Amino acid sequence: MNLTKIFQLLPHPVLILAPDAPVFTITAANTAYLTFAGADAEQIRGKGFFEIFTQCADEMELLQKALADKKSYQCQIQSKDKASPSIKHFDVTGTVVLDDDGSVNCIIRSLTDITEKNTIQQNAFVTHGRLEEASMLMGQVQEMANFGNWRWDIVNNVVSWSDTLYNIYGLDRTSFKATFEGYQELLHPDDKHRVYQCITAVLQTGNDVVFEERIIRPDGEVRYLRSWGRVQTDKAGNPVRMIGACLEITESKLAESTLNNERQNYINAIEQQNRQLQEIAWMQSHGVRAPLVRIMGLVELLRHYESYEIDQPELLANILSSATELDDIIKDVSTKTEKLLVVKA
């Protein structure tokens, strides 16, 4: 197979240009180039390159420099595909061919279609940008909600935390290397066993888990978290990693505790009032009745017996004593009733 036939079979569009600057006469074009240009060989052979391809005027300087320096050049062009309305992108390589005496014989101008490559790169760039944007938005959402996520590589015992989770724990990413044991050390002592049992159950059953936990930050502050966990297994069903998230609920738990305390204080106050009411009721039914019955009995004595039959001074003294006792009881009842009214107000 001769070189001419090989030239025609090359898959990339190729032109051979004469070194007759500034014309750069087209001396040959392979089949792929003619198809790309939508022309016949007779239409372009023997014509100046810039006469036929006016849209490539920017390449004049590159061709002249390549001719002068006897060095190849590269550039990129855009061209409308003759077979479709789409724009295609090409890498252009101008290869300088020298004779034995070092003079330029010709310049081989070849095109490589990089449209698909550029599209992939552009899509990758857009996708990367969207992923970065999504990651940034997720970080902002987590920070606003005090919601962090984590990932535990069970096989290698490596735990990865989001930035927000480090903030919740009050730890620095650069100084604290998260592991399962390190996480356990941060748990409140009263929660360690329970949380360990929860995670163990997940690893054994494969079921998701939701639990509450308390952590102790380096400054001693206790934080409350509601945590979720899910295990991932290999093909054999062995747990290989666990993923999850934590929502800080400290504020709501403290508010709940305050509300419970207020509710308990209210209940205690009601119970205290009930005890006082019961005491007042007892005083009214028993304390008042005793001196009153005595007074009534003494008055009956005065009514039914003659003065010489009884000791009137002693009788009157007993009546006065019982009346005084009754007055004290009534005052005590009145005081306690007023106190109850003040508490209710």
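Here we summarise the structure given alongside this text. Keep in mind that this is a model prediction, so the values were computed, not measured.

## What about the sheet that holds strand β7 (residues 158-161)?
Ordered by their spatial adjacency, 5 strands build an open sheet running β7-β6-β10-β9-β8, and the pairing between neighbours is antiparallel. Across the chains shown, the open sheet's two edge strands, defined by having one partner strand only, are β7 and β8 (209-216). With direction set aside, neighbouring strand axes in the sheet form an average angle of 25°. For β8 and strand β9 (residues 222-233), the ladder comprises 8 bridges, and the chain directions are antiparallel.

## A word on the packing of aromatic side chains
Summed over all chains, the structure comprises 12 aromatic pairs. Ring geometry for Y33 and F53: centres 5.7 Å apart, planes at 75°, overall edge-to-face. In this pair, Y33 is assigned in helix α2 (residues 31-37) and F53 in the loop between α4 (49-52) and α5 (60-69), connecting sequence segments 20 residues apart. Across the pair, exposure class does not vary: Y33 and F53 are buried alike. Seen in terms of ring centroids, W152 and F180 are 4.6 Å apart; in terms of plane orientation they differ by 10°. Their pairing is stacked. With W152 in strand β6 (residues 147-153) and F180 in helix α8 (residues 180-185), this pair connects stretches of sequence that are 28 residues apart.

## Here we look at the pairing of β7
Alternating positions in β7 separate cleanly, V159 and W161 being buried on one face and V158 and S160 remaining unburied on the opposite face. In this sheet, β7 lies alongside β6 in antiparallel orientation, the contact comprising 4 bridges. What sits directly across from R151, in β7, is S160. In this antiparallel pair of consecutive strands, β6 and β7, the connection spans 4 residues, and N157 shows a positive phi of 50°.

## What to know about unusual backbone geometry
Across the junction of A21 and P22, the peptide omega takes the value 5°, indicating a cis bond. By secondary structure assignment, the location of P22 is in the loop between β1 (14-17) and β2 (26-29). In this structure, F24 takes a positive phi of about 55° despite not being glycine. You can see F24 is positioned in the loop between β1 and β2. The residue N157 is not glycine, and still its phi comes out positive at about 50°. One can find N157 in the loop between β6 and β7.

## Let's talk about the side chain of E59
Following the sequence through the fold, E59 ends up in the loop between α4 and α5. The class of E59 is buried, set by a relative accessible area of 3%. Side chain to side chain, E59 and R109 meet in a polar contact 2.8 Å long.

## A look at the pattern of salt bridges
Applying the stated criterion across every chain, the model contains 14 salt bridges. Of the charged contacts in the structure, one is a salt bridge between D113 and K88, with a shortest N-O distance of 3.3 Å. Here D113, found in strand β5 (residues 104-113), pairs with K88, found in strand β4 (residues 87-98); they are 25 residues apart in sequence, far enough to count as distant. K253 serves as the salt-bridge partner of E212, at 3.2 Å between the closest nitrogen and oxygen. Placement of E212 in strand β8 and of K253 in helix α10 (residues 250-287) is noted, with a sequence separation of 41 residues between them. On the basis of relative accessible area, K253 is assigned to the partly exposed category, the value being 22%.

## Considering the nonpolar core
Residues L15, L17, F24, Y33, F49, F53 and L63 are the most contacted members of the largest nonpolar core, which totals 28 residues. When near neighbours in sequence (up to four residues on either side) are disregarded, F24 contacts L17, A18, K47, G48, F49, F50, M60, L63, Q64, L67 and I107.

## Quick notes on helix α9 (residues 192-205)
Here α9 contains 14 residues, and its C-alpha end-to-end distance of 20 Å stays within 8% of the 20 Å for a straight helix at 1.5 Å per residue. For α9, every residue scored as buried is listed here: V195, I199 and V202. Angular distribution of buried residues about the axis of α9 spans 50°; they occupy a single face of the element. Exposed and oriented more than 90 degrees from the buried face of α9 are H193, Q204 and T205. A positive phi of about 80° marks G206, the residue just after α9.

Definitions and limits used
- Residues numbered from 1 in each chain as written.
- Predicted model: local features only at pLDDT ≥ 70, side-chain atom pairs only at ≥ 80, totals over all residues.
- Heavy atoms only, no water.
- Pairing = 2+ DSSP bridges.
- Helix = DSSP H or I, 4+ residues; strand = E, 2+ residues; numbered from the N terminus.
- Axes fitted to C-alpha atoms, helices over the stretch in contact; angles between N-to-C directions.
- Phe/Tyr/Trp six-rings, centres within 6.5 Å; stacked < 30°, edge-to-face > 60°.
- Buried < 20%, exposed > 50% of the residue type's maximum accessible area, 1.4 Å probe, protein only.
- Polar contact = N/O pair within 3.5 Å; in protein donor to acceptor, adjacent residues only side chain to side chain.
- Salt bridge = Lys/Arg side-chain N within 4 Å of Asp/Glu carboxyl O.
- Core = buried A, V, L, I, M, F, W, Y, C linked by side-chain atoms within 4.5 Å.
- Contact = heavy atoms within 4.5 Å.
- Expected span 1.5 Å × (residues − 1).
- Arc of directions from axis to C-beta.

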